[in-house]
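# Structural overview for review
Here are the chains, one letter per residue:
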Amino acid sequence: MSTDTASGKDGSAGSPDVARVLGATCELAVRFLECLPSRAVAATASVETMRGLLSSAMPARGEDALSVIEHLARALEPGLVASAGPRYFGFVMGGATPAALAADWLTAAWDQNAFSHVSSPAASVVEEIVAAWLLDLFGLPRSAGVGLVTGGQMANFTCLAAARGDALARLGVDVEQVGLAGAPEIAVLVGAQAHVTIDSALRFLGIGRRQIGVVAADEQGRMRPEALREALRRRRDPVIVCTQAGNVNTGAFDPLREIVAIAHAHNAWVHVDGAFGLWAAAHPELRRLTDGVETADSWAVDGHKWLNVPYDSGFAIVANARAHYHAMRLGHASYLVRSEGGQERAGSDWVPESSRRARAFAVYAGLRSLGRTGVTELVERCCIWARRLADSAKREPGVVLMNEVVLNQVLLRFVEPGVSDEGDDELTTAVIRRVQEGGVCWVGPTTHQGRAAMRVSISNWSTTGADVDRAAQAIVDALRACRPPNGSPRI
Ligand SMILES: *Cc1c(COP(=O)(O)O)cnc(C)c1O
């Protein structure tokens, strides 16, 4: 390697000035965050524009680290989405609280491998502490296994892997020995509005669509207990039931206490996809929505949504820690000294990864800076904002609120009285596009009960009442702009 390519502007050949690079980077990051509340929420450049700006052949020679960073900050700016900001209401996305973000920076600087206590005692212990705090916050069994994963998808996968192994083990089948080829078929029952990541998690686990039964849901997307009872009657062991705490459209919760009782009476494993909704369990009153959640067998929950830690962060929690461990533990290669004396917990034994980011640090900092009351307030505030946005939007003629706003999700539809339903799909789609282009806030499209809807999810720690009012006004303005004056053709 030629020394000039690796040298900084200060000429320190081969040793770029870390302090200079990180100091300047910090300023760039702070400037971005300061502009976050006022910038257009959507990206101002399209994918094609970004490709045009950035595409280049693999550089032959290296470049000074700081100039690379400055190039990144400048060139990527138009393609960045203000999803960490206070008026991004698409999908279900949180931002990053200052403590969690700062801890995440340190995580990169420390560059610990959270594989085990041998690779990093710090990461290992913080992971243990965070695991205990989460179980406490959610009111889940203290003996449960907890794995720190990348998000809801991998949490669902991990939990369902434990479910698969346990369901077969109870029939005397060791799936690790015989594989699925030597095992009885597993039946899986999912609610009609299960999240798509349940499908993919099952697919990764070798469970095919033919094995998946769909249980009817009500108009809010809640699994119907009677339909589950009926579906279970028609299935032989082993059965896994996938429930939901927090429907991605409506925010609704399956009636967990009843569903778990029905499922357990049939020896079925109950998994709860609580990617964002499980956070309701951390709130003393909203907890009623999750009534009975602690009686289930496994839970998937995100950190990067409602807890507002940076991507990527999720938690796989399994009541039967042994089943969790058996599904995820690494094989015992002799050089992998994970637990001297066999006592220490190795973080990698609870997740699909081996070497891994120490994502516990950001979770620890986030939880410690919020405290129990801070978590409660964060959850409560987002729910109040959702209610406020719904109430204020629906005062406008032609705005229809499609869901019961029980949590942080609002579903809106835009109609013209006296015109066909199909036209309303078109109008709703047009209003969503206009809001997105307007840049005041960002909301996404969805389909609810076969109809187009605007989905608003309020999950960011920094959203204020004023942000919500501005967003509601932007939505109403977009509707007025899309609505034709009486009698003229639409749009
Ligand atoms: C977001 C979400 C998921 C997937 O989580 P990721 O963090 O995107 O992997 C699963 N289930 C529900 C209900 C969700 O809202």
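Heads up: these notes are all about the structure in this document. (Residues numbered from 1 in each chain as written. Predicted model: local features only at pLDDT ≥ 70, side-chain atom pairs only at ≥ 80, totals over all residues. Heavy atoms only, no water.)

It is worth spelling out the packing of aromatic side chains at this point. On inspection of all chains with the given rule, the structure shows seven aromatic pairs. Both rings, one in Tyr325 and one in Trp350, keep their centres 5.7 Å apart while their planes meet at 50 degrees; by these two values the pair is tilted. Pair noted here: Tyr325 is in helix H12 (residues 321-328) and Trp350 is in the loop between H12 and helix H13 (360-394), with a separation of 25 residues, a long-range link. Exposure remark for Tyr325: the relative accessible area of 25% places this residue in the partly exposed category. Take Trp350: its relative accessible area is 12%, and that puts it in the buried class. (Phe/Tyr/Trp six-rings, centres within 6.5 Å; stacked < 30°, edge-to-face > 60°. Helix = DSSP H or I, 4+ residues; strand = E, 2+ residues; numbered from the N terminus. Buried < 20%, exposed > 50% of the residue type's maximum accessible area, 1.4 Å probe, protein only.)

Turning next to the pattern of salt bridges. When their charged atoms lie close together, side chains carrying opposite charge are able to pair. Inspection of the entire model under this criterion finds 28 salt bridges. Ionic pairing is found between Arg210 and Glu185, a salt bridge with its closest N-O pair at 2.7 Å. You can see Arg210 sitting in the loop between helix H9 (196-204) and strand E3 (212-215) and its partner Glu185 sitting in the loop between helix H8 (175-178) and strand E2 (187-191), a full 25 residues away along the chain. Overall, the relative accessible area of 71% leaves Arg210 in the exposed class. Take Glu185: its relative accessible area is 45%, and that puts it in the partly exposed class. One salt bridge connects Asp312 with Arg359, and the closest N-O pair in it is separated by 3.7 Å. You can see Asp312 sitting in the loop between strand E6 (298-302) and strand E7 (314-318) and its partner Arg359 sitting in the loop between H12 and H13, a full 47 residues away along the chain. When its relative accessible area of 30% is taken as the criterion, Asp312 is described as partly exposed. Residue Arg359 is classed as buried on the basis of its relative accessible area, which comes to 9%. Through salt bridges with shared partners, a single network forms among Asp218, Glu219, Arg222 and Glu404. (Salt bridge = Lys/Arg side-chain N within 4 Å of Asp/Glu carboxyl O.)

Turning to the sheet that holds strand E9 (residues 409-414), a few remarks are in order. Read from one edge of the open sheet, four strands run E8-E9-E11-E10, paired in antiparallel fashion. Of all strands in the sheet, those with a lone pairing partner are strand E8 (399-401) and strand E10 (444-448), marking the two edges. Here the average twist between neighbouring strands, direction ignored, is 40 degrees. Relative to strand E11 (residues 451-457), E10 is paired through five bridges, and the arrangement is antiparallel. Paired with Gly444 across the strands is Arg455, a residue of E11. Contacts from H13 reach E8, E9 and E11, with the element oriented near 15 degrees to E9. (Pairing = 2+ DSSP bridges. Axes fitted to C-alpha atoms, helices over the stretch in contact; angles between N-to-C directions. Contact = heavy atoms within 4.5 Å.)

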